[in-house]
Each structure stands twice: as structure tokens, then as C-alpha cells.
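Residue strings, one per chain:
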Amino acid sequence: MDYLDGLNESQRQAVEHIDGPMMVIAGAGSGKTRVLTYRIAHLLRNGVDSFSILALTFTNKAAKEMKERINSIVGGNESMNITMGTFHSVFARILRYNADKLGYPSNFTIYDTQDSRSLIKSIVKEFGLDEKVYKSNAVQSRISSAKNNLISPNAYEANVEIVSEDRMSRKPEIFRIYKEYAKRCFQAGAMDFDDLLYQTNVLLRDFPDVLHFYQQKFKYALVDEYQDTNYSQYLIVKKLAAVYENICVVGDDAQSIYSFRGANIENILNFKKDYPDFKMFKLEQNYRSTSNIVNAANSIIKRNKDQIQKDVWTSNAEGGKINIIRCLTDNEEGRVITNKIFDIKQGEGADYKDFAILYRTNAQSRSFEESLRKLNLPYKIYGGLSFYQRKEIKDLIAYFRLSANPKDEEALKRVINYPKRGIGKTSMDSVILAARQYDVSLWDVISDFQRYPVSISSGARNKMAQFALKIQSYSAQMETSPAYDLANNVAQSSGILKDLYDDKSPEGVTRYENIQELLAGIKEFSVQQEEKDEIGTLSDFLIDVALLTDADKATEEDKNTITLMTIHASKGLEFPHVFIVGLEENLFPSQLSLTSRTELEEERRLFYVAVTRAEKTCTLSYVVSRYRWGQLVTAEPSRFIDEVDKKFVSHENETRGRSGGKSLSGYQRPSEERTQGFGMMGGGKRNLKTMKEATSAPAKSGGGTTDNLKVGFNVEHDRFGKGKVTALVGAGSDQKATVFFPRVGQKTLILKFAKLTIVE
DNA sequence: AACAACGGGCTTTTT
DNA sequence: GCCCGTTGTT
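The structure presented is a predicted model; accordingly, all values stated were derived computationally and were not measured. (Residues numbered from 1 in each chain as written. Chains lettered and ligands numbered in written order. Predicted model: local features only at pLDDT ≥ 70, side-chain atom pairs only at ≥ 80, totals over all residues. Heavy atoms only, no water.)

Novice: Honestly, the overall build of chain A in this entry has me stumped. Any pointers?
Specialist: In terms of regular secondary structure, chain A is built from 32 helices and 21 strands. A fraction of 75% describes how many contacts in chain A between residues 6 or more apart in sequence connect residues 24 or more apart. Split by element, the accessible area of chain A, about 34,500 Å² in all, is 50% carbon and sulfur. (Helix = DSSP H or I, 4+ residues; strand = E, 2+ residues; numbered from the N terminus. Contact = heavy atoms within 4.5 Å. Areas by Shrake-Rupley, 256 points an atom, 1.4 Å probe, with all protein chains shown as cover.)

Novice: Just to check I follow, could you spell out the UniProt feature "domain: UvrD-like helicase ATP-binding" (unreviewed entry) in chain A for this structure?
Specialist: According to UniProt, the "domain: UvrD-like helicase ATP-binding" (unreviewed entry) feature falls on residues 5–290. Counted over residues 5–290, helix gives 53% and strand 12%. Its end C-alpha atoms are 24 Å apart. (UniProt positions renumbered as here; feature names shortened; annotations may be inferred.)

Novice: Even after reading the chapter, I still don't get the protein's contact with DNA strand B, so can you show me in this structure?
Specialist: With respect to spatial proximity, 27 residues lie near DNA strand B, and among them Lys135, Arg360, Thr426, Thr566 and Leu592 are the closest. In DNA strand B, the atoms that sit within 4 Å of the protein are 58% sugar and phosphate, with bases accounting for the remainder. One nitrogen or oxygen atom from the side chain of His88 is found 3.2 Å from a base oxygen belonging to DNA strand B. Between a base oxygen of DNA strand B and a side-chain N or O atom of His568, the distance comes to 3.4 Å. Sort the elements by how many residues they give to the surface near DNA strand B and helix 20 (residues 425–438) lands first, with three residues. Broken down by class, the residue content of the surface near DNA strand B amounts to five nonpolar, 15 polar and seven charged. (Near = heavy atom within 4 Å. Polar contact = N/O pair within 3.5 Å; in protein donor to acceptor, adjacent residues only side chain to side chain. Nonpolar A, V, L, I, M, F, W, Y, C, P; charged D, E, K, R; others polar.)

Novice: I tried to follow the protein's contact with DNA strand C on my own but got confused; where do I start?
Specialist: Near DNA strand C you find Lys121, Lys125, Trp629 and Gly630, and these make up its full shell. Sugar and phosphate atoms represent 27% of those atoms of DNA strand C found within 4 Å of the protein. The contact in question runs from a phosphate oxygen of DNA strand C to an N or O atom on the side chain of Lys125, over 3.4 Å. A distance of 3.5 Å is found between a base oxygen of DNA strand C and a backbone nitrogen or oxygen belonging to Trp629.

Novice: Teacher, can you tell me more about the sheet that holds strand 8 (residues 279–283) here?
Specialist: Think of a sheet as strands paired side by side through backbone hydrogen bonds, with each pair either parallel or antiparallel. The strand order 3-2-6-7-1-8 describes an open sheet built from six strands, whose pairing is parallel. Two strands in the sheet have a free side with no partner beyond their single neighbour: strand 3 (83–86) and strand 8. Taking each pair of neighbouring strands and ignoring which way they run, the sheet shows an average axis angle of 15 degrees. Relative to strand 7 (residues 247–251), strand 6 (residues 220–223) is paired through three bridges, and the arrangement is parallel. Bridging across to strand 7, Leu222 finds its partner in Cys248. (Pairing = 2+ DSSP bridges. Axes fitted to C-alpha atoms, helices over the stretch in contact; angles between N-to-C directions.)

Novice: What exactly am I supposed to notice about helix 10 (residues 174–187) here?
Specialist: Along an α-helix, a turn takes 3.6 residues, which lines up residues three or four apart on a common side. Here helix 10 spans 20 Å end to end across 14 residues, near enough to the 20 Å set by a 1.5 Å rise per residue. Listing the buried residues of helix 10 in full gives Ile174, Phe175, Ile177, Tyr178, Glu180, Tyr181, Arg184 and Cys185. The positive-phi residue at the C-terminal boundary of helix 10 is Gly189, with phi of around 60 degrees. (Expected span 1.5 Å × (residues − 1). Buried < 20%, exposed > 50% of the residue type's maximum accessible area, 1.4 Å probe, protein only.)

Shown next, in the form of C-alpha cells:
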């Protein structure tokens, strides 16, 4: 068995375990994917039918790669019949197949986050609730977490605890919104992301024959990234595996970073309860990183309380220390990191694809983009606005969606007046009102005004009827025409293509190109389907499109570029040289995570994930002040920097030791040339003002006068006069105070610069 | 009904 | 600083 030879002892044991429940706890870089693929190959070699394997991965890309690797081990294309993909895509297919049982059309629409948010917004409006109180974001996450815990609208209403939580947050009507939301999704023939799991649970709960069928089909189940599954996913897997209990879950509790979307570490504990005789395998040897990186990462994660005991080690070389860089501003951070990349690349002849810049929030990408572009280095940003979330792409796809399912109200609202065809807000409001009165969909109204009369101008009525006719003609071809033909036809006859073509601005040109790219993608899809002797309709194309992400798209290109992405998006990836940027308090760890220990521990795991992406070098950076909300604000180095064991760290660009220094005397002013560079940043009026304050900073600052400043203290400023402290942010030399001065109003001051004296 | 101008909120992280 | 939605103007 040649393929077993390349595995270490614990890997091999995990791979060779065939029947019965098992859990693999896999440290970062320990060959987890390897174990998964080899185990599947091993199952196939030992006579398991590929049709009976269910493998749930975290991304579609991971599934695709795994299939390829299995084929290369087993030979042929045996992996073709394995059911492999993300929870969402696998169960979306199963739901389509069984949709009629739940009262949904098999071509139900999948609402993305934007769609559901917009639906929630309109419900809040229709209910006459205050949109400031019932913020769509907050309501959405409330509904989402209810669904992820399998709480139906009725159960929600009946749940004393939940309802009182809503009352306490002054949003007692959420249950009504949830009810209406669920109703409207159903009426529109639409499921949101959470529904794909929720409704699967309903299907398996209410239809024992369906449950039985899939239990018999999926005799072997594997779940990757088990630590990131939520309750809804957990229960699906548990039900499917209930008969044979050939279930293998793989994960690393130290890398659980998705609790904000309902992921639940308890699933690991539940596993032990559900399958008391399970076998546990630990993969602890790291093959990815230098020992400095492995040890540094260990020193970080050991600070967390909640974790499964394991000992990740490596026999790799020691490597360089983790480099920590301090910069003055986010723009300088961009330049410094870019130069570093350039130097390393020249120095050791690395490829661009060997580098990754990882950040906490998407908004941080800007300064790196700018400096990379200046130096003409190729880069690719993952995440952020994905290709499929761009306005023009969503517009065209909305036409497709509407043609496949005219009840899809979010799609209808999106395109009924795009491109402009003279159907304005007033007319649409009347139609919406009428639709609610008749309790039918918007489509029903605009496609049959005879039956559902609406008091709008005959002009508007005609235009809507024309629009409806157009959609109907598309619908007629939906199941018969090849995807590309229809897509192209829609793009042209809807007027989208012309509208974008006429826009000669740079953005307009890009949008036009994006549409062309989408059409090219559909063409490719059509061709692929024809090779399989299938027609490949637009309807088929739509099935997957809602669940595609940029990461899935990237595989084909495989370009040699520098990678920019959030740490979340980097999970499962590895790079020789990793730069983790923006290590500042309130950014990483995020301000919103500071309220509880568990949330802070999740941020720490995120940091752990980031560090363990690195193979050869890992560099951390932080800045003294950064643009946030369009304003330059001072920042403080992240606590995570201090949490890395000093043995594995070296500081660069440091003008001072940054240990514990509470006193202002430890702070050194930036050198002259730095101060200049600082002033040249940005250039807006606001910065100039901030800069003036900064450069006019007194060297003295009376070491200690404001050290024990507290909220409520009265202070005096030599320009603003007397005032009262209303808030304090940060600590040490970067502490800021918000002070209310009766003479000039409220000001936020950086204590090390402002000449404040405490008065009684 | 269409467009320009203005203002508010926002930043976690994603299927 | 940016995106979105609202307001005011034609």
C-alpha cells in the first residue's frame, strides 16, 4: 500500500480507521487535509462505494482540490460520485430534489445576505417601526441565530428568554418581523443561507422516508473544520450518521473562529457524548512552519482557557524570529511592508505568490493596495466585495433569478426600473400596497392588472406590463435554451449591456467588462455541460451561483500574485512569508470583542490562525495612528504582541522599548524627518489640524500631571480653557480624553500632546 | 420621474 | 473615507 508510506504514525492510524465514529484533532499544519484525502482513498480501496461517501468541507474550492487529489491516489475518476462540498451547497442540492415536500419550488431562489437584509428593511418599514431602532443588521443576526439553533418563528415567540432579551434591547417586535420574514421568503420561493440548513433539518425531521434514504445512501460521513459547525449543521450530521455511525470529524479547537455565525465548540464535546466509543486521533507534528513560528504560536494559544490539550511540535529548522515592525501611520505601514516584500523577493528570489498580507478587517486593504500599485507589484485581494456581489453582476443575475422564479421579490425590486424604464417609486409603492392587500406577490400584481387592479397611472401600468411580458419570454426559455444563449439575450434585450456600454467613466468600463466576464463564465459552463451531453440551462447555472465565492473562482487562474485577505479568509492556506498587519488594540483584538473572555479568546485563536499560516517568516506590524472613519486616530499596540513569548521575537524600527511603559517619559518623539513624512500623509484639512496639534507637542508635557486622570475630572487647557472629562480611551502614552469645554464644545485630545492640567 | 447634493452610519470576521 | 439612502431641485 504505497500511499500509506508517506504518512506518520498518527496520520496512518487515522487513515486506516474505517468503521465507527472517530475524531481527528489536527494541530495547525499537521497534514489534516492529507489525512482526509488519504482516508477517503483508503475507504475506496477497501471496497466502499463512492456513492455512499459524504464529505463536507469548508469551501467549495477545498472540495474540488480534494477530489483531484483522491483521483491522483486512486486513479481514474472514482471521486466523481462522492458527495462532496460545503454544507450549504450539498444540502441546497438535496433540498432542490425534495423541495416539493416542503412546499417550495425546486428552483427556489437563494437569498444572499443583501437580499435578506433588504427584505427585513421593507418589513420594518411596512410595520411602521422605527428603522433606527430595528436596524436591519441587528434584526438579521437575531433571526439568523434563531435559525441556526433551529428555533422556528412560533418557537421564538413562545420562548420567554428570547422575547425578554428583545424587550430589554427595546426591540420587542422582532418575533413579528421574523414571522413575516419567514412567510415572505416562503411566498417568494426563496431560502436564505440559514434556511439551507434549517430546512434540511425540517426535511429530515418531518419526512422519515427521506431521512431513511439518505441514512442508507451516506454510509460514510466526513466533516472537515468540525470546530466551525453550528448546531443546525451538527444535527444534520448526527441524524444522517445515526444508523451506521461511520462518522469522521476533523478539526482543531484552537482554530475555531466562526462563533459569530453560530459555530459552537460544544459540538466537539457533544461528539463525545453522542458516540461514547469514538476513537480520538491527535495530529501534533507540524510540517509547515519553522520551529520559531510553531513555538511562538504555541505561546500565544496557551493563554486560552478553553481548549483541548495538545502539543504541537516540529522537527523543522529554527528559522528567523518573528519580526515586529512599528510604523507611524497606516500609509507608512503600507509602504514599509511593500518594501519588505520587494527586498525579500530580490534577496532570495521568491515568487510573488509566496507572500500574504493578512488583516483583521477588509477596510485595511487600502493602504497596501496603494503602495503595491505604486511599486507595480502584482497582487490580488480576496474577499471584500466579491465578483458576484458587484452591483452590475447582481443586476444581471437578478434578471436570471426573476426569469427562473418570478416570485423572487428581491430580484424584482432590483431590476423593475433598471435600466430606467420610467417605473418610479410612487407606482411601486402602490403595487406593493396592493400586493399586501390581496396577499399575493408583486409579480402576481404586475403580470395581471385585470385581476389585481391598482390605482396607478396608465403609463406606469403599461410599462410594468411590458416588463412582465419580457420576463415571461425569458422564463419560457429557461429550461430549454442553453445557458449562454439566454444569458446573452437577457443582457442585451434587458438593456443592461447598452446602459453600461454608454457609461464611459472608468468604473463604467469596468462594469461592462465584468458583465462580459460573467457571460464568458456562463459560456464556459454551457460548453462543459454539453461535453457531458447535458443542455446546461441558465436554470442549472443559477443553482450554484449564489453559493460561489471569490475563493472558488480563483483556482483556475492560479496567478503569481501577492495575496491580500482577511485572516478569516486565510484559514486553511499557507504561505512562505506572512505579514500580519494592524496589530493594534481595538482593531485586533476588535473593539467589539473586548467585553467578554470568550470573545477575546476567539480573537486570540484568530491571531493563532494568522501566525500558523506562515512557513518561513512571519512579520507583525502596528501603527501609531491610523485613519479610521476618515479620521486620523491614535492607536495602541495590540496586547497580542506582548503575548508572544519574547524568545521568538525581534523588534525592528523601534524607537523605544514597548514594555509596560505606563509613564510618559518612556515615550520618544518621532525624529524630524519622520514628523515630516507624517505631515505629508493624507492632506485633508482635518489631518493638517491633527498634525498641527501633533507637531506642536511640548517635549515636557509635565510628566505625570494627567497620569491618573479619570472620567469626571475637571481639567484646564491653555487654549480651550476649563472643561470636564467625559470619556477616556486607550492607556499609557496613547491615551485620549474626550473633554467638554463650555467655551468651545466637546474635544477629543491626545493626552501626550495636549497640555492638560487637572483642576478641582 | 430623474438626477444631483447632502447626511448618516459605519467596521468585525462569511456561507 | 465610503456607501447608502434620503432630500431637494428640475
